[in-house]
Amino acid sequence: MFRTAVIKNIEVLLESSVNHIIAALKKRFMNKEKVSRFYDVVWTEYIPDYEATKKHWEIFFSEDEVRGKSVLDAGCGTGIFSIIFANNSAGRVTGIDISEGSLKTALSLKEKFALQNANFQNEDMHNLPFTDENFDIVWAWGTVHHTTDPFKAIDELIRVLKKGGSILLAVYTRTKLTFIHEIIRKILVRTPKRTWTALSKIMAFFLTPVVFVFKRREKSRKGEKLEELILDWYFVPIRYYYKPEEIKSYLEKKGFTIENYLPASGRFNSTSNFIFKARKSTRIK
Ligand SMILES: C[S@@+](CC[C@H](N)C(=O)[O-])C[C@H]1O[C@@H](n2cnc3c(N)ncnc32)[C@H](O)[C@@H]1O
C-alpha cells in the first residue's frame, strides 16, 4: 500500500515537472518566434536615417574610440548602427538578430556601403555562439527589453564583452503611465494580425493632434510615420520596462563603471528610453 502510494506520488511529481518544463520551453520558444515574426513584418524595410542616427551614435562613441575594435551589435535589426560602426573604422562588426527579414535588409545595406568589416548573422541574444570576452564593444539599442529574459540576455552580452570593454544598453523606461500602455498593448496583440496595419492607421488618425500638441519635439523622428510608431509600440509581442536605477545597479553589481547616462533622450529625442554606457572592470574573474 505504502509503496504504491509513494510510486504514485513520484509519478505525479515527475509528470508535473515534465509538464512544467514543456510549458516553459513552449512559452519561451513561441515568444521568441513571435518576436522574430513581428520584426520580420514591422522593421524589415525600415532603415533609420543615417545622418540623424550617426549624430546620436556620436554622443557615445567617436571614430578614434572604435578604430580597429571588435563590435557586437546585439539585436541589430536592419543594421544601421552596425553600418555606422563599420563606416567609422571599427575593425570587425558583428550584427546579430532573430529576424531573418531585418537581417536581409542589413546585408543589403552592407553591400550598398561596400563594407568588408561588417557581418550579420541570425543568433539569439540569450545564447550566443561566441567565446567569452570576444568583443571590445557591445551595443544593444532597444533590444534587451524585447527578449524573453532581459537579464539573461544582458548576462550573455556581458559574457562576450572583453574586460575593460564598453557596453551600451538603451532600455524602455518604466513610468507612471506604463501600465496604461501595457493594457492597450495586451488588448491589441490579441487582435488578428491581419487587422494590425489598419488598426494602427486608425489610431494614428486619432492620435495625430495629441502627438502634435504634446510631443512636438518628436517630429525629429525623421522618415517615420505615426502609424509605424504605433505598430512598433503597441503591437510588439514582448516588451519589458525598467527604472534606470535597476539597470544601473545591475551593471554595477557585475563590476561595471557607468561612463555615460542619458535619462530620457534616446535616438530621435524620445522619452521612451534611457541609455547607459558602461565599462567592464579589468579585474573581473
Ligand atoms: C526595436 S528593434 C531595434 C533594432 C536596432 N537595434 C535599431 O535600433 O535599429 C529590436 C530588435 O531586437 C531583436 N531581438 C529581439 N529579441 C532578440 C533576441 N532574443 N536575440 C536577438 N535579437 C533579438 C528584434 O528582432 C529586433 O530586430
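Now for a description of the structure that goes with this document. (Residues numbered from 1 in each chain as written. Predicted model: local features only at pLDDT ≥ 70, side-chain atom pairs only at ≥ 80, totals over all residues.)

## Observations regarding the overall build of the protein
Defined as follows: Helix and strand assignments follow DSSP, with helices taken as H or I runs no shorter than four residues and strands as E runs no shorter than two, numbered in order from the N terminus. Counts of 20 or more other C-beta atoms within 10 Å of a residue's own C-beta define buried residues, counts of 12 or fewer define exposed ones, and intermediate counts define partly exposed ones; C-beta atoms are placed from the backbone. We call two residues in contact if the C-beta atoms placed from their backbones are at most 7 Å apart.
Along the backbone of the protein there are ten helices and seven strands. By the burial criterion, 33% of the 285 residues in the protein qualify as buried. When contacts within the protein are restricted to residue pairs at least 6 apart in sequence, those whose partners lie at least 24 apart make up 73%.

## Details of the pairing of strand β7 (residues 273-280)
Our working rule: Two strands are said to pair when DSSP picks up at least two bridges between them.
Most of β7 sits inside the fold, with seven of its eight residues counted as buried. Pairing geometry for strand β5 (residues 161-172) and β7, over seven bridges, is antiparallel. Following the sheet pairing, Y172 is matched in β7 by N273. Judged from the six bridges that link them, strand β6 (residues 256-262) and β7 form a sheet pairing that is antiparallel.

## Focus: the site of the ligand
What counts, and what does not: Nearness is defined per residue: the C-beta atom, placed using the backbone, must lie within 6 Å of the molecule or strand.
Among the 23 residues in the neighbourhood of the ligand, the closest are listed as Y39, G75, G77, S99 and M125. For the shell around the ligand, the secondary-structure elements that each account for two or more residues are α1 (2-42) and β2 (92-97). Broken down by element, the shell around the ligand gets its largest block of residues, four residues, from α1.

## Regarding the sheet that holds β2
As a reminder of what qualifies: Comment: axis = line fitted to C-alpha atoms, over the contacting stretch for helices; angle = value between 0 and 180 degrees taken between N-to-C directions.
Strand order in the open sheet formed by seven strands is β3-β2-β1-β4-β5-β7-β6, and the pairing between neighbours is mixed. The two strands at the open ends of the sheet, each matched to only one other strand, are β3 (118-122) and β6. Averaged over neighbouring strand pairs, the angle between their axes works out to 15° when direction is ignored. Two strands pair when backbone bridges link them, and strand β1 (residues 70-74) and strand β4 (residues 135-141) are joined in this way by three bridges, in the parallel orientation. When the sheet's bridge partners are listed, L72 is paired in β4 with V138.

## Overview of the environment of K104
Looking at where K104 falls in the secondary structure, it is placed in helix α5 (residues 100-112). By the C-beta count within 10 Å, which is 16 here, K104 ends up partly exposed. Taking C-alpha positions, K104 is 9.5 Å from G77, a pair spaced 27 residues apart along the chain.

## Section: unusual backbone geometry
Despite not being glycine, A114 shows a phi value in the positive range, around 50°. Positioned with a positive phi, E133 is a non-glycine residue whose angle comes to about 50°. Its location among the elements puts E133 in the loop between β3 and β4.

## Describing the nonpolar core
Selection rule: The term nonpolar core means buried Ala, Val, Leu, Ile, Met, Phe, Trp, Tyr and Cys residues held together as one set by C-beta atoms within 7 Å.
Counting 50 residues, the largest nonpolar core has V71, V138, W139, A140, L157 and L169 as its most contacted members. When neighbours within four sequence positions are excluded, V138 is seen to be in contact with L72, A74, L157, V160, L161 and I167. In terms of nonpolar packing, the next biggest core, distinct from the first, is built from nine residues, V35, F38, Y39 and I230 among them.

## Re the packing of helix α2 (residues 50-57) against helix α4 (residues 80-87)
Definition in use: Any angle between 65 and 115 degrees counts as roughly perpendicular, while under 35 counts as roughly parallel, over 145 as roughly antiparallel, and the rest as oblique.
One can describe the packing of α2 onto α4 by two numbers: an axis separation of 10 Å at closest approach and a directional angle of 70°. The orientation of α2 relative to α4 falls into the category roughly perpendicular. When α2 is examined against α4, the residues Y50, T53, K54 and W57 are found in contact with a partner set consisting of I80, F81 and I84.

## Concerning α4
With seven of its eight residues buried, α4 lies for the most part within the structure. Within α4, burial applies to I80, F81, S82, I83, I84, F85 and A86. At the exit of α4 stands S89, carrying a positive phi of roughly 75°.

## Thoughts on the pairing of β4
Burial analysis of β4 places seven of its seven residues in the buried class, which makes it a mostly covered element. Bridge analysis of β4 against β5 gives six bridges, and the strand direction is parallel. Paired with W141 across the two strands is A170, which belongs to β5.

## A look at the environment of K201
By secondary structure assignment, the location of K201 is in helix α8 (residues 196-214). For K201, a count of 14 C-beta atoms within 10 Å puts it in the partly exposed group. Taking the C-alpha atoms as reference, K201 lies 5.2 Å from E227; in sequence the two are 26 residues apart.

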